[in-house]
Amino acid sequence: MPVYEYYCEHCDRRFEALRPMSQSNAAMTCPRCATPDARRLVSVFAAVSRDNGGSRLVAGGGSPGCGSCGGGSCATCGH
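All figures in this text were calculated on a predicted structure; none of them were measured in a lab.

1. Brief notes about the pairing of strand S1 (residues 3-8)
With five of six residues buried, S1 lies mostly within the body of the structure. Judged from the six bridges that link them, S1 and strand S2 (residues 13-18) form a sheet pairing that is antiparallel. Looking across to S2, one finds that Tyr7 is bridged to Arg14. The sheet contact formed by S1 and strand S3 (residues 39-40) spans two bridges and is antiparallel. Its bridge partner lying in S3, Tyr7 is registered against Arg39.

Structure (structure tokens):
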């Protein structure tokens, strides 16, 4: 199952949810304020692999500090 990012306008919080693709656009309840209409965000992707020399290669739209997770248990960057 993919991880989707959501934003709650009521309490100004970003959060992630592990959901089936079939439910990605379904209504989502904010875990902080319980508002039932958080909206899904467009997420950047990240792919990590190693080249033949053992160097780490990172591809995607994020920066080393990520910043897209809003600072709470980000499954992508670990912040």
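2. A closer look at the nonpolar core
Counting nine residues, the largest nonpolar core is built from Tyr4, Tyr6, Cys8, Cys11, Phe15, Ala17, Met28, Cys30 and Ala38. Those elements that provide at least two residues to this core are S1 and S2. Per element, the largest residue contribution to this core is three residues, and it comes from S1. The residues contacting Tyr4, other than those within four sequence positions of it, are Phe15, Glu16, Ala17, Arg19, Pro20, Met21, Ser24 and Arg40.

3. Considerations on unusual backbone geometry
In this model, Asp12 sits at a positive phi of 55°, which is unusual for a non-glycine residue. Mapped onto the elements of the fold, Asp12 is located in the loop between S1 and S2. Positioned with a positive phi, Ala34 is a non-glycine residue whose angle comes to about 65°. Looking at the element boundaries, Ala34 is found in the loop between S2 and S3.

4. Thoughts on the packing of aromatic side chains
The geometry of an aromatic ring pair comes down to the distance between the two centres and the angle between the two planes. This structure, assessed with the given rule, holds one aromatic pair. Considering the side-chain rings of Tyr6 and Phe15, the 5.8 Å spacing of their centres and the 20° angle between planes classify their relative orientation as stacked. A residue is classified by how much of its surface remains accessible, and Tyr6, at 1% relative accessible area, is buried.

5. Digging into a nonpolar patch on the surface
On the surface, Met1, Val3 and Leu18 cluster together to form a nonpolar patch covering roughly 330 Å² of accessible area. By the secondary structure assignment, Met1 is in the segment before S1.

6. Quick word on the environment of Arg39
With respect to the element layout, Arg39 can be found in strand S3. Along the chain, Arg39 and Tyr6 lie 33 residues apart, while their C-alpha atoms are 5.3 Å from each other. Once residues lying within four places of it in the same chain are set aside, the contact partners of Arg39 are Glu5, Tyr6, Tyr7 and Glu9. Polar contacts involving the side chain of Arg39 include one to the side chain of Glu9, which spans 3.3 Å.

Conventions adopted
Residues numbered from 1 in each chain as written. Predicted model: local features only at pLDDT ≥ 70, side-chain atom pairs only at ≥ 80, totals over all residues. Heavy atoms only, no water. Buried < 20%, exposed > 50% of the residue type's maximum accessible area, 1.4 Å probe, protein only. Helix = DSSP H or I, 4+ residues; strand = E, 2+ residues; numbered from the N terminus. Pairing = 2+ DSSP bridges. Core = buried A, V, L, I, M, F, W, Y, C linked by side-chain atoms within 4.5 Å. Contact = heavy atoms within 4.5 Å. Phe/Tyr/Trp six-rings, centres within 6.5 Å; stacked < 30°, edge-to-face > 60°. Patch = residues over 30% accessible without salt bridge, like charges linked within 9 Å, V, L, I, M, F, W, Y side chains within 5 Å. Areas by Shrake-Rupley, 256 points an atom, 1.4 Å probe, with all protein chains shown as cover. Salt bridge = Lys/Arg side-chain N within 4 Å of Asp/Glu carboxyl O. Polar contact = N/O pair within 3.5 Å; in protein donor to acceptor, adjacent residues only side chain to side chain.

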